[in-house]
Structure formats: structure tokens, C-alpha cells
Amino acid sequence: MENSLDPSSTPYFQTLRGFHDILPDDSDYYTLIKKVVRHRGRQAGFRRISTPILEASEVFTRGIGDTSEIVQKEMFSMLSHSGKSMSLKPEGTAGVVRSYIEHGMMNLPQPVQLYYIEPHFRYDRPQKGRYRQFHQFGLEVIGGRDPSIDAQVILLAQKILADLQIADRFTLQINTIGNMAVRDNYNNALRDYFYGKERHLTPELLVHLEKNPLRLFDTKDEDLKILLALAPKLQDFLDAESRNYYDEIKSFLTEMRMPFVENTSLVRGLDYYTDIVFEFWDKHDGAQNAIGGGGRYDGLVELMGGRATPATGAAFGVERIIAHMKDAEVAPPRKDKMHVFVAQLGGVAKKKAVRILSELHDAGVHAIGAVGKASMKYQLELANKFDVDWAVLLGEIEVKDNTAILRNMRAGTQEIMPLPQVTARVVELVGPENLDTYRIGE
Ligand code: HAM
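Residues numbered from 1 in each chain as written. Predicted model: local features only at pLDDT ≥ 70, side-chain atom pairs only at ≥ 80, totals over all residues. Heavy atoms only, no water.

Engineer: Account for the domain arrangement of the chain, naming residues and giving values.
Structural biologist: Partitioning the chain into domains gives domain 1 (24-179 + 239-327) and domain 2 (340-434). The C-alpha centroid of domain 2 is placed 50 Å from the C-alpha centroid of domain 1. (Domains from an automatic or database assignment.)

Engineer: Can you tell me about the pattern of salt bridges, naming the residues and giving the values?
Structural biologist: Pairs may arise between side chains of opposite charge once their charged atoms sit close together. Scanning the entire structure with this criterion turns up 27 salt bridges. Note that R62 is salt-bridged to E58, the shortest N-O span being 3.5 Å. Here the residue R62 and the residue E58 both occupy positions in helix 2 (residues 57-64), the gap between them amounting to four residues, near one helical turn. The closest approach of N and O atoms between R268 and E279, which form a salt bridge, is 2.8 Å. Of the two residues, R268 is situated in the loop between strand 8 (261-262) and strand 9 (274-282) and E279 in strand 9; the sequence distance between them amounts to eleven residues. Classification of E279 by relative accessible area gives buried; the value is 11%. Put simply, R145, D150, E241, D275, R296 and D298 are held in one network by salt bridges that share partners. (Salt bridge = Lys/Arg side-chain N within 4 Å of Asp/Glu carboxyl O. Helix = DSSP H or I, 4+ residues; strand = E, 2+ residues; numbered from the N terminus. Buried < 20%, exposed > 50% of the residue type's maximum accessible area, 1.4 Å probe, protein only.)

Engineer: Residue-level account of the site of the ligand, with values.
Structural biologist: The ligand sits among 26 residues. The nearest are E91, Y131, E140, R268 and Y273. In this structure, a nitrogen atom belonging to the ligand sits 3.5 Å away from a main-chain N or O atom of G129. For the ligand, an oxygen atom lies 3.2 Å from a polar atom in the backbone of G317. Protein chains bury 96% of the 660 Å² of accessible surface belonging to the ligand in isolation. (Near = heavy atom within 4 Å. Polar contact = N/O pair within 3.5 Å; in protein donor to acceptor, adjacent residues only side chain to side chain. Areas by Shrake-Rupley, 256 points an atom, 1.4 Å probe, with all protein chains shown as cover.)

Engineer: Just give me the short version of the environment of T15, but keep the residues and values in it.
Structural biologist: Inspection of the secondary structure assignment puts T15 in the segment before helix 1 (24-43). A polar atom in the side chain of T15 sits 3.3 Å from the backbone oxygen of F19.

Engineer: Go over the packing of helix 2 against helix 4 (residues 93-102) with me, naming the residues and quoting the values.
Structural biologist: For any two helices packed against each other, one specifies the crossing angle of their axes together with the interaxial distance. One way to put it is that helix 2 packs onto helix 4 with a least axis distance of 9 Å and a crossing angle of 105 degrees. By the angle class used here, helix 2 and helix 4 are roughly perpendicular. Facing helix 2, whose interface residues are V59, F60, G63 and I64, helix 4 presents A94, G95 and R98. Each residue belonging to the contact of helix 2 with helix 4 can be placed in one class, and the counts come to four nonpolar, two polar and one charged. (Axes fitted to C-alpha atoms, helices over the stretch in contact; angles between N-to-C directions. Parallel < 35°, antiparallel > 145°, perpendicular 65-115°, else oblique. Contact = heavy atoms within 4.5 Å. Nonpolar A, V, L, I, M, F, W, Y, C, P; charged D, E, K, R; others polar.)

Engineer: Pulling in residues and values, what's your account of helix 4?
Structural biologist: Within helix 4, nine of the ten residues are buried, which leaves it mostly tucked inside the rest of the structure. If you check which residues of helix 4 are buried, you get T93, A94, G95, V96, V97, R98, S99, Y100 and I101. Buried residues belonging to helix 4 abut strand 2 (54-56), helix 2, strand 5 (112-121), strand 6 (133-142) and helix 11 (300-303). G104 sits one or two residues past helix 4 and shows a positive phi near 60 degrees.

Engineer: Outline helix 16 (residues 422-430), supporting the account with residue identities and numerical values.
Structural biologist: Buried within helix 16 we find V422, T423, V426 and V430. An end-on view of helix 16 places all buried positions within 90 degrees of arc, on one side of the element. Turned more than 90 degrees away from the buried face of helix 16 sit A424 and E428, all of them exposed. Where helix 16 ends, the next residue or the one after it, G431, has phi of about 95 degrees, a positive value. (Arc of directions from axis to C-beta.)

Engineer: Would you mind going over the sheet that holds strand 16 (residues 413-418) in detail, with residue names and values included?
Structural biologist: Ordered in space as 13-12-14-15-16, the five strands form an open sheet in which the pairing is mixed. Where the open sheet ends on each side, the last strands, each with one partner, are strand 13 (367-369) and strand 16. Each adjacent strand pair in this sheet contributes to an overall mean axis angle of 25 degrees, direction not counted. Pairing of strand 15 (residues 403-408) with strand 16, which is carried by six bridges, proceeds in the antiparallel orientation. Across the sheet, residue T403 finds its bridge partner in strand 16, namely P418. (Pairing = 2+ DSSP bridges.)

Engineer: Give me the nonpolar core: which residues, what numbers.
Structural biologist: The biggest cluster of nonpolar side chains holds 45 residues, and the ones touching the most others in it are I64, V97, I142 and F194. Of all the elements, helix 4 adds the most residues to this core, at five residues. Apart from residues no more than four positions distant in its own chain, F194 is found in contact with L201, L209, L216, L224, L227 and L228. Counting 42 residues, the second largest nonpolar core, distinct from the first, contains Y30, A167, I249 and I322. (Core = buried A, V, L, I, M, F, W, Y, C linked by side-chain atoms within 4.5 Å.)

Engineer: Would you mind going over the packing of aromatic side chains in detail, with residue names and values included?
Structural biologist: Per the counting criterion, the structure on display carries ten aromatic pairs. Between Y186 and F237 the ring centres are 5.3 Å apart and the planes differ by 65 degrees, which places this aromatic pair in the edge-to-face class. Linking Y186 in helix 6 (residues 180-194) with F237 in helix 9 (residues 234-237), this pair joins segments that are 51 residues apart in sequence. In this structure, R132 is placed above the aromatic ring of Y123, and the distance from its NZ or CZ to the ring centre is 4.1 Å. Over the ring of Y29 we find K326, and its NZ or CZ is 5.3 Å from the ring centre. (Phe/Tyr/Trp six-rings, centres within 6.5 Å; stacked < 30°, edge-to-face > 60°. Lys NZ or Arg CZ within 6 Å of the ring centre and 35° of its normal.)

Engineer: Outline the sheet that holds strand 4 (residues 85-88), supporting the account with residue identities and numerical values.
Structural biologist: Backbone hydrogen bonds are what pair the strands of a sheet, in a parallel or an antiparallel way. An order of 2-4-3 is seen for the three strands of this open sheet, with the pairing classed as antiparallel. Because the sheet does not close on itself, it has two edges, and the strands there are strand 2 and strand 3 (77-79). Recorded for the sheet is a direction-independent mean angle of 35 degrees between the axes of neighbouring strands. Sheet topology note: the strand 2/strand 4 ladder contains three bridges and is antiparallel. Within strand 4, the position partnered with A56 by the bridge is M86.

Listed below in C-alpha cells is the structure:
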């Protein structure tokens, strides 16, 4: 019989392709980014929302569009025990809109402004900046149509990038794809154009033509490209309302000195957009690995079963932000430094050590110790490896006298004091500015 305790038969596990552990050093980046998003979001009246990681697949097929690449190729989907299709969320907007409708948020003062920082999942081919589990922070404003709202979402995102000291690495690319009426007219014009030319389209593209003709422009087929070059142009279908709306957004951005590049070929990979679409492009890599993007989605709430409600938003990739921070040598604060190691000899001393550790923790001192039965020498070596400034030593004599030795690990000097005074003395030495305390409500 196979011995499951035999180390040679123990499997060696690794994360799945495209999935990554967030190790403590990288966690500091996530913590900083979350903090900046939280502060900037709060200043602008955004409240946090967190939707489930797993939703009915239809939330996404309907929301993002079943002709989109994300839905067709990139969803992690599975069947529930009762045979219902469920998917890991590939993006945040569809779930937020589902939640807005489900919880009657249309009854709140409008617009409702929400932000999220969440893991998302796409079955992408893993490569630099492209993972199967990644994080996004997103901003959604639901229940308002005003160019100033679109401009404010962009400006808020820009402030977050500026706080993270990477804003100057990107250009803002913007485009308009027209309001819902324009999109409908243009889609019909494309369908008319392809009437009689169906033999040039695969069955899959015929479905796109029916459901969302704009998707045809994603083609790599040379013959279709030639046909599309002669097809009606979206820009010619823009009506006065759509043009004015877009012009106003641009004038707000100009007023706020937010540079932008107008890019009429910018289309986004999700079907729900109307009017403005935008992306923040890396100044070196261009469209490859955009750090974030968004746009208006005035039809989505109704499409998902709510009343017609205009909305706009954006989302940014946290891993891509971190890569830029590292490249720009922006380091997050490191707050995990250990101050004190508590070393002890014997069982009675260990009980006292645990008490001292607990007192130190309550006082906001980073302290570890009482981790084994090793000799004092070994424990002091360990204290050095943990790079502490101070060690509290509880030997047999100290236990008897109810004292402790406080050792300065840098200078190699030490002082003896009554045990009850140790915490106060350590707090004094560590310095109030370095203490790690918090109160609920802070
Ligand atoms: P998106 O452009 O699909 O938009 O994704 C936003 C950002 O998520 C991208 O710019 C990128 O930084 C990051 N991202 C996407 N896929 C990956 C991946 N496989 N690995 C690493 N990072 C990735 C949306 O998701 C829309 N929901 C944005 C939005 C919000 N529009 C309106 N409101």
C-alpha cells in the first residue's frame, strides 16, 4: 500500500498558470493602492461595493455582450449542482449594475457613486501584464448623464495615478461612439451594407452582424478588412447631441488641464458602451497593456432588467499599476519592521514572555518571541535575523527576581529593570511615532 506520509511520494504543488500568490512584499503595494483609492473615492463621494466573485453567467453574457471576446473566450464558467451556468467575474461593471437593480438603488439620491477593489478572472493567455486572476479598482456612477460626470471620473482616476506617482507615464486616449440612437442607426447601416455580401462572413461573424456589427472591426481577415474600409463610418453618423456631449467633456478636461489624445479608432472590448470611451495608454507600449479604461454605458441598466438609467465608469488593473510603480521605483511604506524579540529560558519564563509580548502588542510595539525551547544564544541569533532593535531576555535569575534584561541589539549594551516596567521602557525607546496602534472609528 502506498504510504501517504512518505515524503518522496508527496506531490509538489504550484499555483495554476496565470494565477499568482501575493507575497508579503507585494501586499504592501496592494495596501497602498487600496488606501489611495479609498481616500480619493471618499473625497469625491464614492462608497465601496463588493459583488460576489461568482455570478449567474447570464449577468455577464447579457451585460458585457455575448459577442464580446471576454464572454466568448475568457470566462471561467462552471455548472452548479442543479445545472445552472455560473461564472467567475471577468469585470466589475455588470455585477455592480445587477446589484444596483437588485437592491433598488434607483431610490437613492442619484447619481449613485460606487467604487470597488476586487479580484477578477479572465481565461487570457498569460503573458506580461496579462493574468488569469488579476485585480481591478473601478469607479461607477449610475443615474446621471452629464459630460461633467464623465470628466470627473477621468479626473478622479488621474488623481489616483498621480498619488501613486505614475500619472506622467500614460496618455489619455478618448473617442466617442455616439449615443444609443447613433449606435442603433450605425448598426443598421452596417447591416444594410452587408446585405447581399453575407457570403464573405463566417457563421460566427453573421451572428456578430446580427447582434453587434461593431465587433466585425476586430477582424484579422484581410478580405473583410477591405470590405470594412468601404463600409459606412461611425463618425459620419454622430448626431449633434453626441458631438456636443463629447465636446463638452473635452472642454471640462481642457479646463482642468488634463491632456488627452483624440483617437477615432479607439473601440473597447465590451459591448455596453455608448458616447465616450477612453483608455490610459502606457506612453511606450501604446494600446498594449492599457492600465485602465472605461466609458459611458447608458443602455446597460435597462438591458439588465432595470429602468432606463444612464451611467459611466472606469476600471484600472492593479497588477499593471504595481509594475509601473516598481519600474518608476516608487516604493510603498514598509510597516512590518519588527522592533523587539522576547527570549526566555524555561517554562516559567515562557509564561512571562507571552504576557510581555501581549502587553507590547497592546502598546503598539511589533514584537515576537517565545517561539521555541532553544538556548539563549540561539534565540539572540534569531533576534538578529529578525533585525530587531531590542531584545527582552528572561533567564532563570530574572524570573526569580521578577526582572528582565533589555538588550540594545545595535549597540550590544543592556540594562536590567523590574519586569512590570519593561513595556513602558520599550515604548519610550521605540518612540511614539513608530507605534502601531489603531482605534475602531479611526
Ligand atoms: P477593461 O478594459 O476590460 O475594462 O479592464 C480594465 C483594466 O483591467 C485594463 O485596462 C487592465 O489594466 C486590467 N486588466 C484587464 N484584463 C487583465 C488581465 N488579464 N490581467 C491583468 N490586468 C487586466 C473593464 O473591465 C470595464 N469594466 C471598465 C469599466 C468600468 N467601464 C465602465 N466602468
